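What follows is each chain in one-letter form.
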Amino acid sequence: MGMYEQIARNKRRTFVMLAAFVLLIALVAVALGILFQAGIAIVPIAIVLAIALAWGSYFYSDKIALSASRAVPADGPEYRRYHNLVEGLIIAAGLPKPRLYVVDDPAPNAFATGRNPKHAALAVTTGLLQQMNRVELEGVLAHELSHVKNYDILVTTVAVTAVGAVALMADLGMRFLWFGGRAGRRDNNDSGPVGLILVILAFALLLLAPFAAQLMQFAMSRRRELLADASGVQLTRYPPGLISALEKLQADHAVVHHATRATAQMWIEQPLDRDQEKKGTKGSWLNRAFDTHPPLEERIAALKAM
Amino acid sequence: MLAIIIIGVIVVLFLLYLIFAYNKLVRTRNQIDNAHSQIDVQLKRRYDLIPNLVETVKGYAAHEKSTFEAVTAARANAIQAQEGGSPAQQAQAENALSGTLKSLFAVAEQYPDLKANQNFLNLQEELTSTEDRIAYARQFYNDSVLGYNNRIQSFPSSILAGAFHFSKREYFEGDPEATGPVKVQF
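Every value quoted in this text rests on a predicted model; they were computed, and no experiment measured them.

### Quick word on the overall build of chain B
Per the secondary structure count, chain B includes 7 helices and 0 strands. Moving toward the C terminus, one meets the helices and strands of chain B in the order α-α-α-α-α-α-α. The C-alpha radius of gyration computed for chain B amounts to 24 Å, which surpasses the reference 16 Å derived for 186 residues by more than 25%, pointing to a less compact arrangement than a globule. Looking at chain B as a whole, 24% of its 186 residues are labelled buried. Long-range pairs, those at least 24 residues apart, make up 77% of the contacts in chain B between residues at least 6 apart in sequence.

### Considering the pairing of strand 2 (residues 99–103) of chain A
Residue and element names in this part refer to chain A. The pairing of strand 1 (residues 71–73) with strand 2 spans 3 bridges and is antiparallel. Each residue of the ladder has a partner; that of Ala 71, found in strand 2, is Val 103. Examined bridge by bridge, strand 2 and strand 4 (residues 120–125) share 5 bridges and lie parallel to one another. Within strand 4, the residue paired with Tyr 101 across the bridge is Ala 123.

### As for the nonpolar core
In terms of nonpolar packing, the biggest core is built from 68 residues, with Leu 89, Ala 110, Leu 122, Ala 123, Val 140 and Leu 141 of chain A touching the most fellow members. Ranked by the residues each element gives to this core, the list is headed by helix 5 (residues 118–153) of chain B, at 9 residues. Counting contributing residues per domain, this core is built from domain 1 (2–60 + 154–220) and domain 2 (67–152 + 222–304) of chain A, each supplying no fewer than three. Excluding its chain neighbours within four sequence positions, the residues that come into contact with Leu 122 of chain A are Val 86, Pro 98, Leu 100, Tyr 101, Ala 110, Ala 112, Leu 141 and Glu 144 of chain A. By size, the runner-up hydrophobic cluster in this structure holds 14 residues, among which are Ile 50, Val 57, Leu 97 and Ala 108 of chain B.

### Some remarks on helix 9 (residues 239–251) of chain A
In a regular helix each residue adds 1.5 Å, so 13 residues correspond to 18 Å; helix 9 of chain A covers 19 Å between its end C-alpha atoms and thus fits that length. Listed in full, the buried residues belonging to helix 9 of chain A are Pro 239, Gly 241, Leu 242, Ile 243, Ala 245, Leu 246 and Leu 249 of chain A.

### Focus on the environment of Phe 14 of chain B
Locating Phe 14 of chain B in the fold gives a position in helix 1 (residues 2–60). Along the sequence, Phe 14 of chain B and Thr 72 of chain B sit 58 residues apart, while their C-alpha atoms lie 58 Å from each other.

### Describing the sheet that holds strand 2 of chain A
All names here are of chain A. Sheet architecture is open: 4 strands sit in the order 1-2-4-3, paired in mixed fashion. Two strands close off the open sheet at either side, each with one partner strand: strand 1 and strand 3 (110–114). Looking at each pair of strands side by side, their axes are set apart by 30° on average, direction ignored. Here strand 3 runs beside strand 4; their pairing, made up of 5 bridges, is antiparallel. Bridge pairing in strand 4 links Ala 110 to Val 124. Taken strand by strand, helix 5 (residues 134–149) contacts strand 3 and strand 4, and its axis lies near 20° from that of strand 3.

Thresholds applied
Residues numbered from 1 in each chain as written. Chains lettered and ligands numbered in written order. Predicted model: local features only at pLDDT ≥ 70, side-chain atom pairs only at ≥ 80, totals over all residues. Helix = DSSP H or I, 4+ residues; strand = E, 2+ residues; numbered from the N terminus. Rg over C-alpha atoms; globule rule 2.2 N^0.38 Å. Buried ≥ 20, exposed ≤ 12 C-beta atoms within 10 Å, placed from the backbone. Contact = placed C-beta atoms within 7 Å. Pairing = 2+ DSSP bridges. Core = buried A, V, L, I, M, F, W, Y, C linked by C-beta atoms within 7 Å. Domains from an automatic or database assignment. Expected span 1.5 Å × (residues − 1). Axes fitted to C-alpha atoms, helices over the stretch in contact; angles between N-to-C directions.

Here it is as structure tokens:
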């Protein structure tokens, strides 16, 4: 029963997220309309655009996520074991076979994406395939297949694209505001209340980016990783496999090259380096507040307690 | 008037429940049959791989005749048991086959050239993953039986199951050693 509740909740979350996304775009459009004296006419256009984007992120988010991570289809004899392990696990899980991809990167990591089990894809780095033995790789793949089965992939991939689009729009808005604002000041220097509104709106737009990040955190919930560990082990019935895989991930400090803050939540382990962030240049406490994954020690301890 | 409407709504809801519950029972029962045929598919795949493996090992270790004969005989025996034997006989034949395969791999260990042969390594990978799949197919079968049995034994769907003769299914019970996937490290 727990799993079905999880699936229903994930579907609900996706809907809420897409609705919030459309609303957010509409708000940005209103702000821009007032800012550039374009009037309210631009709002319907923006809403149509937002719905198109939401639709697109539902149907194409997996392709976007895969190409953003530079994943290529895992064809060829060297990926036989990868295919064999997945084919075994899908029998145990009662799932159709997902498309399999490889990311050419020495850092060991993996992610799953897609909108439902019929349209799912798994990607692993070449580093993962090299460093993990058969049992460990099986543990990792079972974890990823659990994300597929629980519909976690739907929430995360839609979040990745929707949040990315909102952040991009807010960023563009800020840039336009910067230049537009300066031009406006030159033209009508004494437009008292309008100038005030412009300033307030500038702050509103500024506030959008952290809000998008908040939305992202709402969607990802670290508990989901622990749950996927647990249901992954339910497939393999062999906790030591995943435990030893996580221990290897813990020992490895390499960073996935084509991972960004937006796609971080998809991977099995946080792809960005924590230590680097701690001594990093910008807002390190904020970065840690937005950690996408529970610490590996916590996940290993939970598995050992089984 | 109001009473009739209320009774009507209750009857409709009840009928909807019956339809839903009945369909669910049919679906889970079909899932069990499908899971069962999955096991057979994977067993067949294993039978198909074994002759290739024996041939490859023969190329390097021709004089280990008794081992090859044991594997071939165990395979024939397992195929026969699968076609007409009882589940217990099938399980026994499968275990015997797994045992002879272990000794075949033990023989292969003694030939470094063979261990480096790409064809042999591929076959070993295929056989290992087929054994994993057999184990997973059995696991899925048992999980499906568990869900189905729970449904037909618990109230209120048990009444429906009784009326339409949905009978309890048996679990697949293998040798304790054979239930887990055979993990080969290499």
